[in-house]
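Results of the structural survey
The residues making up each chain are set out below.
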Amino acid sequence: MNSCEFVLFISYLACQIADGKTSEEIAILSAFFTQLGDTLGTIDAFN
């Protein structure tokens, strides 16, 4: 998968996850995935 395909996949996945969710639910999911990404980055930095 090249970088453009990866970007499209992530956008598609976000749309699928958001489908049928309220604005509040989407905001909570956004915060969750942001913290998950940040924590993975921190773990990687210390390994």
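Refer to the structure above for everything that follows.
Residues numbered from 1 in each chain as written. Predicted model: local features only at pLDDT ≥ 70, side-chain atom pairs only at ≥ 80, totals over all residues. Heavy atoms only, no water.

Take the overall build of the protein next. Tallying secondary structure elements over the protein gives two helices and zero strands in all. Its C-alpha atoms give the protein principal-axis dimensions of about 40 × 30 × 10 Å. Counting every position in the protein, which comprises 47 residues, the buried fraction comes to 0%. (Helix = DSSP H or I, 4+ residues; strand = E, 2+ residues; numbered from the N terminus. Buried < 20%, exposed > 50% of the residue type's maximum accessible area, 1.4 Å probe, protein only.)

Locating Val-7 in the fold gives a position in helix 1 (residues 3–18). For the pair Val-7 and Phe-46, spaced 39 residues apart in sequence, the C-alpha to C-alpha distance is 27 Å.

By the secondary structure assignment, Ala-27 is in helix 2 (residues 23–45). A relative accessible area of 47% places Ala-27 in the partly exposed class. As a C-alpha pair, Ala-27 and Asn-2 span 25 residues in sequence and 29 Å in three-dimensional space.

The full count for this structure, using the stated rule, is zero disulfides. Free cysteine Cys-4: the closest other cysteine sulfur is in Cys-15, separated by 17 Å. What makes Cys-15 exposed here is its relative accessible area of 52%. (Disulfide = S-S within 2.5 Å.)

With that out of the way, let us pick up the packing of aromatic side chains. Enumeration according to the criterion identifies one aromatic pair in this entry. Their ring planes at 80° and their centres at 5.0 Å tell us that Phe-32 and Phe-33 sit as a pair that is edge-to-face. Classification of Phe-33 as partly exposed rests on a relative accessible area of 43%. (Phe/Tyr/Trp six-rings, centres within 6.5 Å; stacked < 30°, edge-to-face > 60°.)

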